[in-house]
Amino acid sequence: MPGHTENEITVAAPLDLVWDMTNDIENWPSLFSEYASVDVLERAGSTTTFRLTMHPDDNGTVWSWVSERTTDRKGRNVNARRVETGPFQHMNIRWEYTEVPGGTRMHWTQDFAMKPDAPVDDDWMTDNINRNSKIQMELIRDKIEQRDRESRAAVAN
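Per-chain numbering applies: the sequence of each chain, read as written, is numbered from 1 onward. The predicted origin of the model limits local features to residues at a pLDDT of at least 70 and limits the giving and counting of side-chain atom pairs to 80 or more, whereas totals for whole chains, interfaces and linings rest on all residues. Note that the side-chain values use all heavy atoms of the structure and ignore hydrogens as well as water.

**Student:** I would appreciate a short explanation of the sheet that holds strand S5 (residues 77-82) in the present structure.
**Tutor:** Across a sheet, strands are paired by hydrogen bonds formed along the backbone, either parallel or antiparallel in direction. Two strands pair under a simple rule: DSSP has to find at least two bridges between them. We count a stretch as a helix when DSSP gives it H or I for four or more residues in a row; a strand needs E for two or more, and each element gets its number in order from the N terminus. Taken in spatial order, the seven strands line up as S1-S7-S6-S5-S4-S3-S2 in an open sheet, and their pairing is antiparallel. Edge positions in the sheet fall to strand S1 (3-11) and strand S2 (35-44), since each of these pairs with one other strand and no more. Neighbour-to-neighbour, the strand axes of the sheet open up by a mean angle of 20°, direction not taken into account. Across nine bridges, the pairing between S1 and strand S7 (residues 103-114) is antiparallel. Bridging across to S7, Thr5 finds its partner in Gln110. Axes, fitted as lines to C-alpha atoms, cover a helix only where it is in contact. Angles between the N-to-C directions of the axes lie from 0 to 180 degrees.

**Student:** Before we go on, may I ask you to explain the nonpolar core in this structure?
**Tutor:** For soluble globular proteins, the rule of thumb is that nonpolar side chains tend to be buried together. What makes a nonpolar core is a set of buried Ala, Val, Leu, Ile, Met, Phe, Trp, Tyr and Cys residues whose side-chain atoms join them at distances within 4.5 Å. Here the term buried applies to any residue with accessible area under 20% of the maximum for its type, exposed to any over 50%, and partly exposed to those in between, with areas from a 1.4 Å probe on protein chains only. One finds Trp28, Phe32, Tyr97, Met106 and Ile144 to be the most contacted residues of the largest nonpolar core, which totals 26 residues. Mapped onto this core, the elements with two or more residues apiece are S1, helix H1 (15-22), helix H2 (28-31), S2, strand S3 (47-54), strand S6 (88-100), S7 and helix H3 (122-156). Here a residue-residue contact requires only that any non-hydrogen atoms of the pair lie within 4.5 Å. Excluding anything up to four places from it in sequence, Ile144 contacts Val11, Ala13, Leu17, Val18, Met21 and Thr22. Membership of the second largest hydrophobic core comes to seven residues, among which are Phe88, Met91, Phe112 and Met114.

**Student:** Is there a simple way to explain the environment of Arg141 in this structure?
**Tutor:** Assignment of secondary structure puts Arg141 in helix H3. Counting along the chain gives 119 residues from Arg141 to Thr22, while the straight-line C-alpha distance between them is 9.9 Å. In contact with Arg141, not counting residues within four places along its chain, are Ile9, Thr10 and Val11. Pairing of N or O atoms within 3.5 Å defines a polar contact, subject to two protein rules: one partner must be a possible hydrogen donor and the other a possible acceptor, and residues neighboring in sequence count only if both atoms are side-chain atoms. For Arg141, the side chain forms a polar contact with the side chain of Asp142, separated by 3.0 Å.

**Student:** What is the right way to read the pattern of salt bridges from this model?
**Tutor:** Oppositely charged side chains are able to pair whenever their charged atoms sit close together. Here a salt bridge means any side-chain nitrogen of Lys or Arg lying within 4 Å of a carboxyl oxygen belonging to Asp or Glu. The tally for this structure, following the rule as stated, stands at ten salt bridges. Residue Glu8 pairs with Arg105 through a salt bridge whose shortest N-O separation is 3.9 Å. Of the two residues, Glu8 is situated in strand S1 and Arg105 in strand S7; the sequence distance between them amounts to 97 residues. A relative accessible area of 46% places Glu8 in the partly exposed class.

**Student:** Just to check I follow, could you spell out the pairing of strand S4 (residues 64-72) for this structure?
**Tutor:** Successive side chains on a regular strand alternate, one facing one side of the sheet and the next facing the other. As paired strands, S3 and S4 are joined by seven bridges and run antiparallel to one another. Within S4, the residue paired with Thr48 across the bridge is Arg69. Inspection of the sheet shows S4 paired to S5 by six bridges, in the antiparallel sense. Note that in S5 the partner of Thr71 across the bridge is Val78.

Written as structure tokens, this is what we have:
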């Protein structure tokens with residue numbers, strides 16, 4: 001059965017700041033702890049094609065793939081898919097941003113299926129993505145909230 005995950009977090013910061021920081025693809029290695037590098041391959045309107053490379057895993061394997069990401073700032077969402085699927089039959093991702101009292105809610109949905117010869121199955125990957133999404137979202141929240149505090153302090157001075 002294909003994998004499906006949904007994770008969300010509220011960031012105590014304005015939507016514009018959350019949007020700008022999370023969609024600054026070139027800065028992802030500073031925002032996410034798992035990414036070693038990002039290479040933008042092409043930009044066409046609101047769509048960016050890029051290579052994402054992770055830090056080595058526990059076995060020393062470096063995973064890298066090409067993704068395509070289309071932003072819709074007015075609709076406050078992003079749709080992405082892996083172009084080079086690697087061990088996935090497909091991987092589709094949707095990020096949604098909602099203004100809520102006290103900040104911005106980020107909601108991530110991932111729909112995927114592993115290839116039959118992949119080193120892990122859909123259930124394993126679902127658990128892995130759910131576990132890791134929470135870690136990454138908390139890191140992102142903390143970095144954005146820190147930036148927001150710094151910006152507010154600079155304006156106050």
